[in-house]
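# Survey of secondary and tertiary structure
Listed below, chain by chain, are the residues.
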Amino acid sequence: MKNEDNLLDKIVSLCKRRGFIYPGSSIYGGFAGTYDLGPYGVMLRRNLVDEWKRAIEEEDSIAFIESSIFTSRKVWEASGHVSGFSDPLVVCNSCHTKQRADHLLESIGAFADEKMTEKKINEVFDAHRKELTCTICGKKDFGKVRAKNLLATSTLGVFEEDDQEVYLRAETAQGIYINFKNVFDVGSYEIPFGIAQIGKVFRNEISPRQFLFRMREFEQMEMQYFVRPKDAPAAYARWKQKRFEYYPTLGIKKEKLRLKQHDNLVFYAKDAWDIQYEFPFGWNELEGLHYRGDYDLSQHQKFSGADAGVYDEETKERYIPHVVETSVGVERTMLMVLCDAYSEDEMNGEKRVVLRFHPRIAPIKTAVFPLLRNKPQLVEKAQEVYRMLRQNPAFGGAVRFDDNGNIGKRYRRQDEIGTPFCVTVDFDSLEKDDVTVRDRDTGKQERIDVKSLTLHIKEELTK
Ligand code: GAP
């Protein structure tokens, strides 16, 4: 476990050093559970979001929406989040600190998860009470496990004394359910179809931890697929398979992925599976795949009075569509691709750290260097090559010019960012109009004519 923790520490430090991810509010000592994206983090995020969108709408009719973060309190009362969205919390009677009961149980190898009911987790906790030690004071004296609601709140109002407490959204899914009829009534979409959205969500996590794994503010990519009830099992099976097969297309190692069914269902789910990834701290949920039945649309119909039903031309009856949900965090996906890509090896007798990103998700596709920064002809030629690549739409602007430090240092820097190709302009380039292209993974270098360079790299990137 020590080495694996160490790996996570190395990734955290690389992310900061190379401008992927910084701890939130770091100059003020940090703000737990929040992280800020740096320039390469923004580019990595954009690639992951683009890939997700492409895959989600590859074969299906999908409408994209963007709903508000501030919503009526009733949304969360109807959804069940006010009464049922909680983490199991336990207080140490000796030092009075609050801790996650499921994490304490996990630490001694006892099975527990955050989705257990309060009654169930109290039973498990009681069975192991004698073995459980407070992580702060070391005593074995805990109270009863209590459910702590995870909805994050804010206040809104004209005068402070009139301020109303509001919930920040805890999942993007509810914004989709409350807009289901708005989208359906436009007439462009017929059942089955999906509504998807990508956006920030907020959760009052008691113990944010493991870097991007458990945050208080994060982004979700969710898709709710609306089907006729009888078609729901087949749609659920199809989406489960489709999402599971998606991750290897991002270059993720197949042996690090698995599908796992939930033993304990959350309040809204009829069936639930996770796509799990083997993170440095063990197998954990990457993406949730839930069969939600008609729970959400029925709840909103009940609480709002607005009809959520649709007319079935075949049976000539009205019905409430069933929902199959796919839900994954952007940052959790980032953490997975960083863990999967991180590697240490030796090249030309030197140790190096390299992020072996799949070229499609690599933040920078190509870096261009002049061999020496103090030779104006080399710099000018390198700038010309850089502009040629950068302006080509195939690279989406993801090309860097780098003349800082010697060539070895520039290679190391680009390896740590995960840049698949480095192009160097040297003295021969001035005569022969060619450049050296170096492959990140093999270190192999080949000379390529400048006029064939764009096509060459484009082909290599899509191999
Ligand atoms: N709409 C269903 C839903 O929100 P969830 O299992 O609570 O289900 C879905 O969350 C996904 O969101 C997770 O699989 C994970 O990728 C991401 N996620 C959940 N909580 C998170 C947190 N605290 N920090 C980062 N990502 C989180």
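Above this text is the structure in question.
Throughout what follows, the structure given in this document is the object of discussion. (Residues numbered from 1 in each chain as written. Predicted model: local features only at pLDDT ≥ 70, side-chain atom pairs only at ≥ 80, totals over all residues. Heavy atoms only, no water.)

For the rest of this paragraph, the subject is the site of the ligand. Lining the immediate environment of the ligand, one finds 24 residues, of which Glu-171, Glu-222, Glu-285, Leu-286 and Glu-325 sit closest. Between a nitrogen atom of the ligand and a side-chain N or O atom of Glu-222, the distance comes to 2.5 Å. One of the backbone N or O atoms of Gly-329 is found 2.9 Å from an oxygen atom in the ligand. Protein coverage of the free-state accessible area of the ligand, which is 550 Å², stands at 96%. (Near = heavy atom within 4 Å. Polar contact = N/O pair within 3.5 Å; in protein donor to acceptor, adjacent residues only side chain to side chain. Areas by Shrake-Rupley, 256 points an atom, 1.4 Å probe, with all protein chains shown as cover.)

Spatially, the seven strands line up as an open sheet ordered E3-E9-E10-E16-E13-E12-E11, and their pairing is mixed. The open sheet has two free edges, formed respectively by strand E3 (62-64) and strand E11 (257-261), since each of these has just one partner strand. The mean angle between the axes of side-by-side strands here comes to 25 degrees, regardless of whether they run parallel or antiparallel. Relative to strand E12 (residues 271-279), E11 runs antiparallel, the two sharing five bridges. When the bridges of E12 are listed, Leu-257 appears paired with Tyr-277. Of the strands in this sheet, strand E10 (217-227), E11, E12, strand E13 (282-293) and strand E16 (322-329) touch helix H9 (residues 232-246), which is tilted by about 15 degrees from E16. (Pairing = 2+ DSSP bridges. Helix = DSSP H or I, 4+ residues; strand = E, 2+ residues; numbered from the N terminus. Axes fitted to C-alpha atoms, helices over the stretch in contact; angles between N-to-C directions. Contact = heavy atoms within 4.5 Å.)

At the junction of Ile-191 and Pro-192, the peptide bond is cis and its omega measures out at 5 degrees in the coordinates. Looking at the secondary structure, you find Pro-192 in the loop between helix H8 (180-185) and strand E9 (193-202). Even without being glycine, His-96 reaches a positive phi, approximately 65 degrees. You can see His-96 is positioned in the loop between strand E4 (86-91) and strand E5 (98-100). A positive phi angle, close to 55 degrees, is found at Asp-433, a residue other than glycine. Given a relative accessible area of 34%, Asp-433 falls into the partly exposed group. (Buried < 20%, exposed > 50% of the residue type's maximum accessible area, 1.4 Å probe, protein only.)

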